[in-house]
Amino acid sequence: MFSNLVNLLPFASTPAAKEASIWILGEYAEEIYTVAMNTFKKWIENFENEERRVQLEILTSAVKVFIKYPDEFETMISDLLTVATESVDNPDVR
């Protein structure tokens, strides 16, 4: 069901498209587990370079995935929160 959509996620380049892609990953992590985990790693690595609205969507969706998979996602959520609180100047993101 999601295979065609998942193949399009890497092509998201505008902030709105990135937000939508990230939302999909957080909302449907159970159906696209491997893709979600691998893609979140990339989003977290580039977190500081994203616009504020994309950063907020990454945070929101990462929490959703962490709630669904706490053991598997613990390190990634910890890394994300560290970057968000220590490296980002925007108080909305912190």
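Predicted, not measured: the structure shown is a model, and the values here were computed from it. (Residues numbered from 1 in each chain as written. Predicted model: local features only at pLDDT ≥ 70, side-chain atom pairs only at ≥ 80, totals over all residues. Heavy atoms only, no water.)

Undergrad: Sorry, what's going on with the environment of R52 here?
TA: Among the structural elements, R52 can be located in helix α4 (residues 52-68). Distance in space between the C-alpha atoms of R52 and D92 is 8.1 Å, their sequence separation being 40 residues. (Helix = DSSP H or I, 4+ residues; strand = E, 2+ residues; numbered from the N terminus.)

Undergrad: Sorry if this is basic, but what is going on with the nonpolar core here?
TA: One recurring pattern in soluble globular proteins: nonpolar side chains tend to sit buried together. Residues F40, F47, I58, V65, F73 and L80 are the most contacted members of the largest nonpolar core, which totals 25 residues. Every element with two or more residues in this core is listed here: α2 (15-27), α3 (33-45), α4 and α5 (70-86). The residues touching I58, leaving out its near neighbours within four places in the chain, are I22, F40, W43, F47, E50 and L80. (Core = buried A, V, L, I, M, F, W, Y, C linked by side-chain atoms within 4.5 Å. Buried < 20%, exposed > 50% of the residue type's maximum accessible area, 1.4 Å probe, protein only. Contact = heavy atoms within 4.5 Å.)

Undergrad: Looking at this structure, how should I read the confidence of the model for the chain?
TA: Close inspection of predicted coordinates is inappropriate for parts of the model with low pLDDT. Looking at the chain as a whole, its pLDDT mean stands at 85, while 89% of the residues score no less than 70. Element-level pLDDT for the chain is lowest in helix α1 (residues 3-8), with a mean of 64, against a maximum mean of 93 in α4. (pLDDT = per-residue confidence, 0-100.)

Undergrad: Where do I start with α3 in this structure?
TA: Count 3.6 residues to each turn of an α-helix, and residues three or four apart come out pointing the same way. Under the 1.5 Å per step criterion, the end-to-end length of α3 is 19 Å for 13 residues, consistent within 8% with the ideal 18 Å. Among the residues making up α3, those that are buried are A36, M37, T39, F40, W43 and I44. The inward-facing, buried residues of α3 abut α2, α4 and α5. (Expected span 1.5 Å × (residues − 1).)

Undergrad: Is there a simple way to think about the packing of aromatic side chains in this case?
TA: The way to describe two aromatic rings as a pair is by their centre distance and the angle between their planes. Counted by the stated rule, this structure contains two aromatic pairs. Relative to Y28, the ring of W23 lies with its centre 6.0 Å away and its plane at 85 degrees, an arrangement referred to as edge-to-face. When its relative accessible area of 37% is taken as the criterion, W23 is described as partly exposed. On the numbers, 5.5 Å between centres and 80 degrees between planes, the contact of F40 with F73 is edge-to-face. Of this pair, F40 sits in helix α3 while F73 sits in helix α5, placing them 33 residues apart in sequence. Residue class for F73 comes out buried when judged on its relative accessible area of 0%. (Phe/Tyr/Trp six-rings, centres within 6.5 Å; stacked < 30°, edge-to-face > 60°.)

Undergrad: Please clarify how the environment of L81 should be interpreted in this entry.
TA: As for its position among the elements, L81 is in helix α5. Residues L81 and A62, 19 residues apart in the sequence, show an inter-C-alpha distance of 9.8 Å.

Undergrad: What am I meant to see in the packing of α2 against α4 here?
TA: Each pair of packed helices can be described by the angle between their axes along with the distance between the axes. Two elements in contact, α2 and α4, have axes separated by 8 Å at closest approach and are oriented at 5 degrees. In terms of their interaxial angle, α2 and α4 are classed as roughly parallel. Contacts between α2 and α4 involve P15, A16, K18, E19, I22, W23, L25, G26 and E27 on the former and, on the latter, R53, V54, E57, I58, S61, K64, V65 and K68. Residues of the contact of α2 with α4, tallied by class, amount to eight nonpolar, two polar and seven charged. (Axes fitted to C-alpha atoms, helices over the stretch in contact; angles between N-to-C directions. Parallel < 35°, antiparallel > 145°, perpendicular 65-115°, else oblique. Nonpolar A, V, L, I, M, F, W, Y, C, P; charged D, E, K, R; others polar.)

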